[in-house]
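# Commentary on secondary and tertiary structure
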Amino acid sequence: MAVEPLSSKEIEDRLAELPGWSLDGDRLTRSFRLGSHFAATAMVVHIAQVQEELDHHSDLTLGYNTVSLRVNTHSAGGVITEKDFELARRVQDLAPGHGAS
């Protein structure tokens, strides 16, 4: 099944439902600040598990107490698709307090 790119309007509407997520060029991005390096590391492990379940992977960066993601759909030519928003929603649900940053 082909994965279709989302329109600018569809992206804008979906971003409105995901506080803290934004569009940076051709990628959805989000950073989370956690209470410690251990908490950030644990979040990375949980995100990795979700990415495996969805078979959809982001660029994931671990800082001292931060986790940052950048995602688009490589298999659709590096555009934003519904797969990216599904991953973003799942990551958002993992974040402590839904991860204000």
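Coordinates for the structure precede this section.
The sections below set out a description of the structure shown in this document. Computed from a predicted structure; not experimentally measured. (Residues numbered from 1 in each chain as written. Predicted model: local features only at pLDDT ≥ 70, side-chain atom pairs only at ≥ 80, totals over all residues. Heavy atoms only, no water.)

## A word on the side chain of S58
- Checked against the element boundaries, S58 lands in the loop between α2 (37-54) and β3 (59-62).
- Taking the relative accessible area as the measure of exposure, S58 reaches 11% and is therefore buried.
- Within the structure, S58 has its side chain in polar contact with the side chain of Q51 (distance 2.5 Å).
- Filtering out sequence-adjacent residues up to four positions away, S58 remains in contact with Q51, L69, R70, V71 and L87. (Helix = DSSP H or I, 4+ residues; strand = E, 2+ residues; numbered from the N terminus. Buried < 20%, exposed > 50% of the residue type's maximum accessible area, 1.4 Å probe, protein only. Polar contact = N/O pair within 3.5 Å; in protein donor to acceptor, adjacent residues only side chain to side chain. Contact = heavy atoms within 4.5 Å.)

## As for the environment of E82
- Locating E82 in the fold gives a position in helix α3 (residues 82-94).
- Taking C-alpha positions, E82 is 9.6 Å from N72, a pair spaced ten residues apart along the chain.
- Contacts of E82, omitting those with residues within four sequence positions, involve L6, R14 and R89.

Remember that the coordinates give geometry; whether it matters functionally is a separate question.
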